[in-house]
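# Per-entry structural report
One letter stands for each residue in the lines below.
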Amino acid sequence: MSQIAINTSQNVNINFNTASVGDRMIAFILDLLMKVAYTIAVFYIFFNILDLGSLLNGLDPWSVRAVYVILLFPTFIYPLVLESLMEGQTPGKKIMKIRVVKIDGYQAGFGDYMIRWVFRIIDTTFMGVVGLIAMIVSKNNQRLGDIATGTAVISLKNSINISHTILENIKEDYIPTFPQVIALSDNDMRIIKDNYLKAIRVDDRQIISRLSDKIKSILKLEVDAAKMTERQFIGVVIKDYNYYTGKDS
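Our subject in this report is the structure included herewith.

### Considering the pairing of strand S4 (residues 151-155)
Of all the five residues making up S4, five are buried; the element is thus mostly covered by neighbouring parts of the structure. Side chains Thr 151, Val 153 and Ser 155 of S4 all project onto a buried face; the interleaved residues Ala 152 and Ile 154 project onto the opposite face, where all are buried too. Examined bridge by bridge, strand S3 (residues 98-102) and S4 share five bridges and lie antiparallel to one another. Considered in S4, the bridge of Val 101 is made with Ala 152.

Below you can see the structure in the form of structure tokens.
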């Protein structure tokens with residue numbers, strides 16, 4: 001299962017696993033079963049209960065086809081409508097915990113879902129072999145419709161938590177120490193936090209020291225080492241940034 005880095009509107013890169021071919025196929029089958037169930041229900045109601053068949057006997061072949069198209073029309077637009085209403089999901093995708101997203105981090109729009117829906121005609125050619133081959137050979141398991149719209153289907157089963165972002169838990173009564181942190185950007189803070197957490201995991205004191213010195217030089221800060229260790233300093237900077245920018249959880 002490959003990963004895809006999606007850059008959010010706050011310039012934060014979050015890694016997601018792309019949905020596997022198996023998950024997408026199961027989601028497709030689940031949606032197909034729902035469309036089959038709809039078709040059976042509609043035909044039963046209109047032909048067994050309402051006796052539509054007797055009315056169709058007096059119509060010409062084109063009119064009969066038109067009636068069938070009208071009855072089955074919801075199954076044709078099923079993915080387009082539901083992905084638009086459910087923000088990139090259909091019932092099948094929701095069950096499998098996968099979603100359509102834009103690779104550039106923006107929310108996919110109706111136009112994107114429309115193009116994916118049109119390309120579905122090609123992707124499902126030869127029993128879906130075309131789309132299957134495209135997903136296997138493409139970098140992010142994309143079918144042709146995804147490639148055309150710059151979208152991908154991601155798995156929502158990721159264990160993404162607050163430590164993967166610039167967000168930091170801070171208490172309501174938190175009192176900031178360094179107002180100078182507002183000079184940093186979201187990307188600066190992401191780099192600081194990523195490197196800080198990596199250094200903490202392997203207890204790399206040299207990296208922590210360099211990172212601390214770099215922050216102090218950028219923000220022109222003088223910190224009393226007797227009152228605050230380098231680790232404490234970086235932790236306070238991260239929390240202060242979240243406090244001043246309103247990025248608390």
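Right, picking up where we left off after that structure.
### A look at the nonpolar core
Counting residues in hydrophobic clusters, the biggest one holds 20 residues, and the most contacted among them are Phe 178, Leu 184, Ile 192, Ile 215, Phe 233, Ile 234 and Val 237. Listed by contribution, the elements that provide at least two residues to this core are helix H8 (186-202), helix H9 (205-219) and helix H10 (230-245). Examining the composition of this core, we find that six residues originate from one element, H10, more than from any other. Setting aside residues up to four positions removed in sequence, Phe 178 forms contacts with Leu 221, Val 223, Met 228, Phe 233, Val 236, Val 237, Asp 240 and Tyr 244. Core analysis: the next-biggest nonpolar cluster, separate from the first, contains nine residues, Leu 80, Met 96, Ile 98 and Ala 108 among them.

### Quick notes on the packing of aromatic side chains
In total, this model carries five aromatic pairs according to the counting rule given. A ring pair is formed by Phe 43 and Phe 47, whose centres lie 5.2 Å apart and whose planes are at 20°; its orientation type is stacked. Of the two residues, Phe 43 and Phe 47 both sit in helix H1 (residues 21-49), four residues apart, roughly one turn of that helix. The partly exposed category is assigned to Phe 43, whose relative accessible area is 25%. On the basis of an interplanar angle of 75° and a centroid distance of 5.4 Å, the ring pair of Phe 178 and Phe 233 is categorised as edge-to-face. Pair noted here: Phe 178 is in the loop between S4 and H8 and Phe 233 is in helix H10, with a separation of 55 residues, a long-range link. Note on accessibility: Phe 178 and Phe 233 belong to one class, buried. One aromatic cluster is present, built from ring pairs that chain together Phe 43, Phe 47 and Tyr 68. Over the face of the ring belonging to Trp 62 we find Arg 65, whose NZ or CZ atom lies 5.0 Å from the ring centre.

Cut-off values and rules
- Residues numbered from 1 in each chain as written.
- Predicted model: local features only at pLDDT ≥ 70, side-chain atom pairs only at ≥ 80, totals over all residues.
- Heavy atoms only, no water.
- Buried < 20%, exposed > 50% of the residue type's maximum accessible area, 1.4 Å probe, protein only.
- Helix = DSSP H or I, 4+ residues; strand = E, 2+ residues; numbered from the N terminus.
- Pairing = 2+ DSSP bridges.
- Core = buried A, V, L, I, M, F, W, Y, C linked by side-chain atoms within 4.5 Å.
- Contact = heavy atoms within 4.5 Å.
- Phe/Tyr/Trp six-rings, centres within 6.5 Å; stacked < 30°, edge-to-face > 60°.
- Lys NZ or Arg CZ within 6 Å of the ring centre and 35° of its normal.

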